[in-house]
Amino acid sequence: MDGAVRALSSVEERITVLIRLLVVCSVGLAIVLGPQLARGHAVTLGVFVLAALGYATALAVAEWRGRRLLPAWLTTSVDAVLTLIACALTGGATSIMVAILPLVVIAASLRGGAVIGRFAALGVGVAFTVCAVLGSDAGVPLIDRLLAGAWWTGYLVAAAVLVGVLLRMLERQFAVAAVSRARALAEHEAFLEERDLRARLLAAQEARMDGVRVVLHEFRTPVASLTALSADLAADRLTGDARQTATRLLAEHAVHLRDMLDGLADVAVREGSPLGRVRERPVRLVELADAVLDAAGVEPARRSARVSPPDAVVRCDPQRLRRVLTNLVENAARHSGEAVVELELRHADGRLVAEVRDRGPGLPPGQEGMVTAKGVALGDRRGTAGIGLWIVEALVAAMDGELHLLPRDGGGLVAHLELPLPVT
């Protein structure tokens with residue numbers, strides 16, 4: 001805004017100096033076309049016009065270069081003096097140069113304000129009366145000279161008053177425009193605040209819905225497994241090691257469901273966060289690998305687990321880590337047909353590296369990032385609304401980890417996960 005005002009002021013000053021230059025040139029042209037205007041002062045008037053032309057040219061060049069030779073009030077005063085001299089040299093009361101005086105008064109009113117403009121008009125009018133008395137031809141009666149001075153003094157003051165009225169009108173219009181602009185800005189800010197509040201409310205509601213979707217999705221696997229195991233145990237179809245394994249899985253699923261219920265409680269108290277509260281405890285990677293493969297329902301003949309070092313123990317949130325790995329293993333098993341699903345866990349240098357490898361069709365080129373987006377479900381299965389890998393991505397981000405889906409040599413996919421986890 002300040003830059004625009006300065007640019008407009010510069011344009012106005014350039015117009016002013018251009019008008020001054022044109023006025024001086026018009027005076028010189030009038031003397032050339034009507035030598036009788038000189039009233040016997042041709043040489044003096046010629047020198048005066050050349051001096052005024054030099055003065056006007058110097059102001060124009062300085063203004064064009066962005067500089068100002070004289071203060072505004074002094075420039076207006078010089079303009080008035082030069083105009084009065086021209087009036088005195090070209091007939092006094094009958095001089096046509098008196099037409100320039102209103103321009104001087106208007107300039108003084110615009111630069112100094114209404115009050116300064118009126119005083120300037122009165123002063124210029126009195127000075128013109130003196131020029132009319134002293135510079136008029138001998139044949140002009142004194143009363144006519146005085147009347148001409150009084151006449152032009154009145155009109156000059158009237159011009160100054162009119163300019164002052166116009167200035168006040170413009171100021172009122174600018175004030176009204178400023179108030180309207182301020183109100184418009186305030187209404188715009190209020191609209192933006194309302195829009196942001198609405199967006200936050202919608203985001204909070206979406207987060208709550210995400211939490212519900214996550215819990216529903218995560219309940220699917222243990223509930224299905226519990227249903228099948230309970231049916232087998234009730235029918236007494238499991239014996240020996242199989243029965244022990246089923247019992248262990250029932251206990252693990254019970255713990256998993258308890259953790260999920262805790263997570264659901266966290267959703268209620270933490271504005272719909274789908275991730276729940278962090279609950280860290282020591283976890284043996286060997287036990288975690290077996291639990292993940294069991295929870296994902298991978299048959300013994302199709303599973304391959306490797307842990308390095310074999311006795312590694314890490315401190316982490318087992319619920320989150322198990323949810324991540326179970327989702328990845330489930331996806332690998334679902335797309336691998338009868339091929340082996342490989343799970344490798346490595347702990348070194350304060351980081352846990354997990355890789356899930358399959359021999360499925362892999363991902364189309366360019367889909368590695370899209371498949372982890374919410375609502376994207378590739379392949380034939382759509383029952384979970386495409387939120388499985390989105391949950392994995394959200395959980396990994398919450399644990400400050402990194403997940404990469406990479407093509408596997410020979411066909412298939414490698415889910416490469418890295419988490420910063422300290423050794424207990």
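Residues numbered from 1 in each chain as written. Predicted model: local features only at pLDDT ≥ 70, side-chain atom pairs only at ≥ 80, totals over all residues. Heavy atoms only, no water.

The name an unreviewed UniProt entry gives the protein chain is histidine kinase, with Pseudonocardia yunnanensis as the organism. Recorded in UniProt for the protein chain, the comment headed Subcellular location (unreviewed entry) runs: "Cell membrane". Looking at the protein chain in UniProt, the text filed under Catalytic activity (unreviewed entry) is "ATP + protein L-histidine = ADP + protein N-phospho-L-histidine." (UniProt positions renumbered as here; feature names shortened; annotations may be inferred.)

1. Concerning the overall build of the protein chain
Regarding its fold elements, the protein chain presents ten helices and seven strands. Burial analysis of the protein chain (424 residues in total) assigns 40% to the buried set. Across the protein chain, contacts joining residues at least 24 apart in sequence account for 70% of those joining residues at least 6 apart. On the protein chain, roughly 23200 Å² of surface is accessible, and the fraction owed to carbon and sulfur atoms is 65%. (Helix = DSSP H or I, 4+ residues; strand = E, 2+ residues; numbered from the N terminus. Buried < 20%, exposed > 50% of the residue type's maximum accessible area, 1.4 Å probe, protein only. Contact = heavy atoms within 4.5 Å. Areas by Shrake-Rupley, 256 points an atom, 1.4 Å probe, with all protein chains shown as cover.)

2. With respect to empty space enclosed by the protein
With the rule as written, the count across this model stands at three cavities of 30 Å³ or more. Its volume calculated, the largest cavity comes out at about 130 Å³. At the level of elements, α1 (2-33), α2 (42-64) and α3 (72-89) are the ones that each hand at least two residues to the lining of the largest cavity. In terms of residue class, the lining of the largest cavity is made up of seven nonpolar, two polar and six charged. (1 Å grid on protein atoms, 1.4 Å probe; cavity = no way out; pocket = protein on both sides within 12 Å on 5 of 7 lines; lining within 4 Å. Points joined across faces, edges and corners; volume = space filled by probe spheres on them. Nonpolar A, V, L, I, M, F, W, Y, C, P; charged D, E, K, R; others polar.)

3. Description of unusual backbone geometry
Cis geometry is found at the peptide bond from Ser308 to Pro309, where omega equals -10°. Note that Pro309 resides in the loop between β2 (303-308) and β3 (313-316). A positive phi angle is found at Asp349, which is not glycine, with a value near 55°. Mapped onto the secondary structure, Asp349 falls in the loop between β4 (341-348) and β5 (351-358). Since its relative accessible area comes to 81%, Asp349 is described here as exposed. Despite not being glycine, Asp400 shows a phi value in the positive range, around 60°. By secondary structure assignment, the location of Asp400 is in the loop between α10 (388-398) and β6 (402-407).

4. Points about the layout of surface pockets
Put simply, the largest pocket is a space of about 770 Å³. As for the largest pocket, its lining consists of 27 residues, and the residues nearest its centre are Thr16, Arg20, Asp79, Leu103 and Ala107. Among the elements of the structure, α1, α2, α3 and α4 (101-112) are those that each provide at least two residues to the lining of the largest pocket. It is α1 that provides the largest number of residues to the lining of the largest pocket, a total of ten residues. Each residue belonging to the lining of the largest pocket can be placed in one class, and the counts come to 18 nonpolar, four polar and five charged.

5. Description of the packing of aromatic side chains
When we look at a pair of aromatic rings, we describe it by the centre distance and by the angle of the planes. Inspection of every chain in the model, using the stated rule, returns one aromatic pair. The interplanar angle of 40° and the centroid separation of 5.1 Å between the aromatic rings of Trp151 and Tyr155 together place this pair among those described as tilted. With Trp151 and Tyr155 both in helix α6 (residues 142-234), this residue pair falls four residues apart, about one helical turn. Taking relative accessible area as the criterion, Trp151 reaches 52% and is therefore assigned exposed. (Phe/Tyr/Trp six-rings, centres within 6.5 Å; stacked < 30°, edge-to-face > 60°.)

6. Section: the side chain of Ser109
Structurally, the position occupied by Ser109 is in helix α4. The contact partners of Ser109, leaving out residues within four places of it in the chain, are Ala114, Gly117, Ala160, Val163 and Leu167.

7. Let's talk about the confidence of the model for the protein chain
Mean pLDDT over the protein chain works out to 79, with 79% of the residues at or above the 70 mark. Low pLDDT, under 50, characterises residues 1-8; the stretch is placed with zero contacts to residues that sit more than four places away or in other chains. (pLDDT = per-residue confidence, 0-100.)

8. Digging into the packing of α4 against helix α5 (residues 114-135)
Packing of α4 against α5 brings their axes to within 7 Å, and their N-to-C directions diverge by 155°. Here α5 runs roughly antiparallel to α4, going by the angle between their axes. Along this stretch, α4 crosses α5, giving a crossing that reads as right-handed. Residues Leu101, Val105, Ala108, Ser109 and Gly112 of α4 form the contact with α5, whose own contacting residues are Ala114, Ile116, Gly117, Ala120, Ala121, Val124 and Phe128. (Axes fitted to C-alpha atoms, helices over the stretch in contact; angles between N-to-C directions. Parallel < 35°, antiparallel > 145°, perpendicular 65-115°, else oblique. Left-handed = near helix turned anticlockwise from the far one by under 90°.)

9. Let's talk about the nonpolar core
Counting residues in hydrophobic clusters, the biggest one holds 39 residues, and the most contacted among them are Leu345 and Leu417. At the level of elements, α8 (285-295), β3, α9 (318-335), β4, β5, α10, β6 and β7 (413-420) are the ones that each hand at least two residues to this core. Residue contributions to this core peak at seven residues, all from α9. Among the nonpolar cores identified, the runner-up in size contains 23 residues, and Leu89, Val98, Leu101 and Cys131 belong to it. (Core = buried A, V, L, I, M, F, W, Y, C linked by side-chain atoms within 4.5 Å.)

10. Concerning the pattern of salt bridges
What the rule picks out here adds up to 13 salt bridges. Salt-bridge contacts for Arg357 lead to Glu355; the nearest nitrogen and oxygen are separated by 2.7 Å. Both residues of the pair, Arg357 and Glu355, belong to the buried class. Bridged by salt links that share partners, the residues Arg306, Glu342, Glu344, Arg346, Glu355, Arg357 and Arg408 form one connected network. (Salt bridge = Lys/Arg side-chain N within 4 Å of Asp/Glu carboxyl O.)

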